[in-house]
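# Structural overview
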Amino acid sequence: MENKIANTLFIPFAARVFAADYFPEYFNDPVALQLKNKIPPKFLKISSQYEMIASAARYYISDKIIREFIDKNGKCNIINLGAGLETVAFRIHNPNAVFYQIDLPEVIQLREEILPQNNHEIFIADSILTTKWYDKIDKNKPTLFVANGVLMYFHKNEIFNLIGNLKQYFPKSQLVFDATTRFGIQCANFYVSRFGCEMAKMYFYIQNLDEFIQKSQTQLLSSQTFFTDARKMLGHKMNLITKFNMWLVDTFHLSNIIHLSLNGAL
Ligand SMILES: C[S@@+](CC[C@H](N)C(=O)[O-])C[C@H]1O[C@@H](n2cnc3c(N)ncnc32)[C@H](O)[C@@H]1O
């Protein structure tokens with residue numbers, strides 16, 4: 001694909017397929033599993049057990065946040081920023097929620113070719129860094145933006161602009177995204193670079209969460225470490241290196257799912 005970030009989309013997709021295959025008690029995604037044969041083989045071979053679980057943990061936690069948001073708010077929008085090949089609208093089938101899957105035109109074209117689309121899901125082919133697509137969405141509904149594996153590919157000023165726009169146009173909104181530290185982003189860049197030089201580099205990390213909250217003028221709802229539940233549920237299935245890495249990342253808060261209210265809690 002032309003866009004280097006778009007080239008990364010099979011990494012988390014493969015992780016979801018792997019997790020759904022080997023750890024369905026932790027992460028269940030029958031639709032992704034059916035599409036296993038669509039994954040280019042290099043994305044299935046390189047990752048370690050830890051790396052696959054680390055990727056799947058994001059969806060385990062953000063799915064919980066999405067479910068709670070829908071239960072609390074009823075009719076609402078779930079807007080997946082940089083959706084890639086996410087099948088979340090199948091994992092969470094709730095008629096109260098409309099899922100918007102936004103990604104670059106070349107990715108939406110790929111989605112249309114290889115993924116099914118369900119009847120409460122809308123695809124939008126546009127850049128999340130513009131505001132043109134906002135007109136396609138009912139902004140008066142409670143709205144949860146989800147950005148898994150996406151924001152780290154942008155620069156800080158792009159993230160603050162994006163959050164500023166979402167705050168301005170969507171009065172009743174929240175944002176959930178994954179973030180790591182400076183050290184974490186170095187590890188993540190090493191991991192992604194192993195898939196080839198056509199992969200994009202990552203820039204954005206959060207070293208000081210309080211400072212980020214203050215600068216973005218948002219409100220922190222929660223910041224969750226990745227593996228709290230995975231370590232309880234899957235500990236017996238993990239090899240020693242995976243167990244050690246999960247302990248390390250959680251203990252030193254190297255990767256977190258951040259949940260923000262953009263204009264005061266809903
Ligand atoms: C690592 S993939 C993550 C995909 C998906 N969120 C997931 O978790 O499987 C990053 C995604 O961000 C998308 N992306 C990059 N820049 C974008 C932009 N300006 N607007 C919309 N999507 C973008 C890429 O096309 C790609 O699908």
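Computed from a prediction, not measured in an experiment: that's the story for all the values here.

Assigned secondary structure in the protein consists of 11 helices and 7 strands. Its C-alpha radius of gyration of 17 Å places the protein within 12% of the 18 Å reference for a compact globule of 266 residues. Based on the C-alpha atoms only, the size of the protein along its principal axes is roughly 50 × 40 × 35 Å. Counting only residues that meet the buried cut, the protein has 55% of its 266 residues in that class. Long-range pairs, those at least 24 residues apart, make up 74% of the contacts in the protein with a sequence separation of at least 6. Total accessible area on the protein stands at roughly 12,000 Å², and carbon and sulfur atoms take up 54% of it. Of the side chains in the protein, 28 bear a positive and 24 a negative charge, and the two mean positions are spaced by 3 Å.

Neighbouring the ligand are 22 residues; R16, Y59, G82, D103 and N148 lie closest to it. Backbone polar atom of G82 to a nitrogen atom of the ligand: 2.7 Å apart, as the coordinates give it. Here a nitrogen atom of the ligand and a side-chain polar atom of S127 are 3.0 Å apart. In the complex, the protein chains occlude 98% of the 590 Å² of accessible area that the ligand would expose alone. Grouping the amino acids of the shell around the ligand by side-chain chemistry returns 12 nonpolar, 6 polar and 4 charged.

Moving on, we get to the pattern of salt bridges. One pass over the structure, following the stated rule, counts 14 salt bridges. Where D178 meets R58, a salt bridge forms, and the shortest distance between an N and an O atom there is 2.9 Å. With D178 in strand β5 (residues 173-180) and R58 in helix α4 (residues 49-73), the pair connects residues that are 120 residues apart, well separated along the chain. When sorted by exposure, D178 lands in the same class as R58, which is buried.

If you trace the 7 strands from one edge of the open sheet to the other, you get β3-β2-β1-β4-β5-β7-β6, paired in mixed fashion. In this open sheet, the two edge strands, each paired with only one partner strand, are β3 (121-125) and β6 (219-225). Shown here is a sheet whose adjacent strand axes are inclined to one another by a mean of 20 degrees, direction ignored. One ladder, built from 6 bridges, connects β6 with strand β7 (residues 255-261); its direction is antiparallel. Within β7, the position partnered with Q219 by the bridge is S261.

Take M233: it is sitting in helix α10 (residues 228-234). Under the relative-accessibility criterion, M233 is labelled partly exposed at 29%. Sequence spacing of M233 and G74 is 159 residues, and the spatial spacing of their C-alpha atoms is 30 Å. When neighbours within four sequence positions are excluded, M233 is seen to be in contact with E25, Y26 and Y60.

Next up on the list: the nonpolar core. Counting residues in each nonpolar core, the largest one holds 39 residues, and the members touching the most others are Y26, I66, I78, F99, L144 and F227. Listing elements by their share of this core, those giving two or more residues are α1 (10-22), α4, β1 (76-81), α5 (88-91), β2 (97-103), β4 (143-147), α10 and α11 (240-251). With 13 residues, α4 is the largest single contributor of residues to this core. Ignoring sequence-local partners within four residues, the contact set of F99 consists of I66, I78, V88, A89, I92, H120, E121 and I122. In terms of nonpolar packing, the next biggest core, distinct from the first, is built from 31 residues, Y100, L166, F177 and F212 among them.

One non-glycine residue, Q217, lies in the positive phi region at around 55 degrees. For Q217, the position within the fold is in the loop between α9 (209-216) and β6.

Among the 5 residues of β4, 5 are classified as buried, and the element is accordingly described as predominantly covered. Neither face of β4 is exposed, since T143, F145 and A147 on one face and L144 and V146 on the opposite face are all buried. Pairing of β4 with β5, which is carried by 5 bridges, proceeds in the parallel orientation. Across the sheet, F145 pairs through a bridge with L175, a residue of β5. Traced from β4 through helix α7 (residues 156-169) to β5, the parallel crossover comes out right-handed.

Conventions used here
Residues numbered from 1 in each chain as written. Predicted model: local features only at pLDDT ≥ 70, side-chain atom pairs only at ≥ 80, totals over all residues. Heavy atoms only, no water. Helix = DSSP H or I, 4+ residues; strand = E, 2+ residues; numbered from the N terminus. Rg over C-alpha atoms; globule rule 2.2 N^0.38 Å. Buried < 20%, exposed > 50% of the residue type's maximum accessible area, 1.4 Å probe, protein only. Contact = heavy atoms within 4.5 Å. Areas by Shrake-Rupley, 256 points an atom, 1.4 Å probe, with all protein chains shown as cover. Lys, Arg positive; Asp, Glu negative; His and termini not counted. Charge placed at Lys NZ, Arg CZ, Asp CG, Glu CD. Near = heavy atom within 4 Å. Polar contact = N/O pair within 3.5 Å; in protein donor to acceptor, adjacent residues only side chain to side chain. Nonpolar A, V, L, I, M, F, W, Y, C, P; charged D, E, K, R; others polar. Salt bridge = Lys/Arg side-chain N within 4 Å of Asp/Glu carboxyl O. Pairing = 2+ DSSP bridges. Axes fitted to C-alpha atoms, helices over the stretch in contact; angles between N-to-C directions. Core = buried A, V, L, I, M, F, W, Y, C linked by side-chain atoms within 4.5 Å. Right-handed = clockwise from strand over helix to strand, strands pointing away.

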